[in-house]
Amino acid sequence: MDAFQAGEVVYVIIRNPHAQGVANIQEAAVVHNPEKPGELALFVYETYYPLNDEVAVYQDLGEAEEAYVSAFGLTDGGYYG
């Protein structure tokens, strides 16, 4: 996770917490973690998420789309929720 810097825009695949079969690609910002000085976090949907190995983060939208199709297949609705 050292490859990221505060201010970068990245892409993550997020599952809907209310419907686990639903996921989408969401743009996120890499920011300084306000709860843990010296660490970075992802800011998405007005919430801070830890930037760690448990989150699949893509620097390129194309990479995120390929990972989405690999994991979920193509849907009629596209990649976004």
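About the thresholds
Residues numbered from 1 in each chain as written. Predicted model: local features only at pLDDT ≥ 70, side-chain atom pairs only at ≥ 80, totals over all residues. Heavy atoms only, no water. Helix = DSSP H or I, 4+ residues; strand = E, 2+ residues; numbered from the N terminus. Buried < 20%, exposed > 50% of the residue type's maximum accessible area, 1.4 Å probe, protein only. Contact = heavy atoms within 4.5 Å. Pairing = 2+ DSSP bridges. Core = buried A, V, L, I, M, F, W, Y, C linked by side-chain atoms within 4.5 Å. pLDDT = per-residue confidence, 0-100. Phe/Tyr/Trp six-rings, centres within 6.5 Å; stacked < 30°, edge-to-face > 60°. Expected span 1.5 Å × (residues − 1). Polar contact = N/O pair within 3.5 Å; in protein donor to acceptor, adjacent residues only side chain to side chain.

This part takes up the overall build of the protein. Along its length, the protein carries 1 helix and 5 strands. For the protein, the succession of helices and strands along the chain, N to C, is β-β-β-β-β-α. Relative to its 81 residues, the protein shows a buried fraction of 22%. At a minimum sequence separation of 6, the contacts of the protein that also span at least 24 residues come to 42%.

For the rest of this paragraph, the subject is the pairing of strand β4 (residues 47–50). Across 4 bridges, the pairing between strand β3 (residues 40–44) and β4 is antiparallel. Paired with Leu42 across the strands is Tyr49, a residue of β4. Two successive antiparallel strands, β3 and β4, enclose a turn made up of 2 residues, where Tyr45 displays a positive phi of approximately 55 degrees.

Phe4, Val10, Val12, Ala28, Val30, Leu42, Val44, Leu51 and Val57 form the largest nonpolar core, which has 9 residues in total. Within the residue set of this core, elements represented by two or more residues are β1 (9–16), β2 (19–32) and β3. Apart from the residues within four sequence positions on either side, Phe4 is in contact with Val10, Val30, Leu40, Leu51, Val57 and Gln59.

Secondary-structure assignment places Glu35 in the loop between β2 and β3. Since its relative accessible area comes to 68%, Glu35 is described here as exposed. Separated by 13 residues in sequence, Glu35 and Tyr48 have C-alpha atoms that sit 9.0 Å apart.

This next bit is on the confidence of the model for the protein. Mean pLDDT over the protein stands at 86; residues scoring 70 or higher make up 88%. Confidence scores differ between elements of the protein, with β2 showing the lowest mean pLDDT of 88 and β3 the highest of 95.

What follows covers the packing of aromatic side chains. The geometry of two aromatic rings is summed up by the distance between their centres and the angle between their planes. Counted under the stated rule, the structure contains 2 aromatic pairs. Measuring from ring centre to ring centre gives 5.0 Å for Tyr68 and Phe72, while their planes differ by 45 degrees; the resulting arrangement is tilted. Of this pair, Tyr68 and Phe72 are both found in helix α1 (residues 61–72), 4 residues apart, which corresponds to roughly one turn of the helix. By relative accessible area, Phe72 is classed as partly exposed at 29%.

Bringing α1 into the picture now. Under the 1.5 Å per step criterion, the end-to-end length of α1 is 16 Å for 12 residues, consistent within 8% with the ideal 16 Å. If you check the start of α1, you find a side-chain oxygen 2.9 Å away from the backbone N of Gly62, and it comes from Asp60. In the segment just after α1, Gly73 is the residue with positive phi, at about 80 degrees.

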